[in-house]
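These are the residues of each chain, in order.
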Amino acid sequence: FQMHVNCTIERWWLNALEGRAYNQPHSHSGYMSAVLYLSKDNNNITFARDNLIHEFKPNLFDLLIFPAQLIHYVLPTENTQRRISYALNLYWRKK
């Protein structure tokens, strides 16, 4: 059994959070989402599904890939450094 698919990036954006800035709980369109961290001192990203919650503390150049429909968010902290990440949504299309 073989299935040929094309993987495309249809949306990408740069996040730059400062001070107590945060991202509210949300999900994305597409099949998978990814975040590449471009700063050293990042806030935790939290993933939630059903009654399960998992926090992850990303480091510089960490690349997180996760299902696009997975609820995730970044809570505010007292961090005064600018936190920069590059995010994108991946789509799979049958050839």
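Everything here concerns the structure above.
Where nonpolar side chains cluster on the molecular surface, the patch consists of Ile-9, Trp-12, Leu-14, Leu-38, Leu-60, Phe-61 and Tyr-86 and spans about 690 Å² of accessible area. The greatest single-element share of the nonpolar patch, amounting to three residues, is contributed by strand S1 (residues 5–17). Within the fold, Trp-12 resides in strand S1. Taking relative accessible area as the criterion, Trp-12 reaches 52% and is therefore assigned exposed.

Counted residue by residue, strand S3 (residues 32–37) has five buried out of six residues, so it is predominantly covered. Here five bridges tie S3 to strand S6 (residues 63–67), and the two strands are oriented antiparallel to one another. In the sheet register, Ser-33 faces S6, and the bridge partner there is Phe-66. Pairing between S3 and strand S8 (residues 83–94): six bridges, direction antiparallel. Residue pairing across strands places Leu-36 opposite Tyr-86, the latter belonging to S8.

Another aspect to go through is the side chain of Ser-85. With respect to the helices and strands, the residue Ser-85 is situated in strand S8. With sequence-adjacent residues up to four places away left out, Ser-85 is seen in contact with Trp-13, Leu-14, Asn-15, Val-35, Leu-36, Tyr-37 and Leu-38.

Thresholds, definitions, all that
Residues numbered from 1 in each chain as written. Predicted model: local features only at pLDDT ≥ 70, side-chain atom pairs only at ≥ 80, totals over all residues. Heavy atoms only, no water. Patch = residues over 30% accessible without salt bridge, like charges linked within 9 Å, V, L, I, M, F, W, Y side chains within 5 Å. Areas by Shrake-Rupley, 256 points an atom, 1.4 Å probe, with all protein chains shown as cover. Salt bridge = Lys/Arg side-chain N within 4 Å of Asp/Glu carboxyl O. Helix = DSSP H or I, 4+ residues; strand = E, 2+ residues; numbered from the N terminus. Buried < 20%, exposed > 50% of the residue type's maximum accessible area, 1.4 Å probe, protein only. Pairing = 2+ DSSP bridges. Contact = heavy atoms within 4.5 Å.

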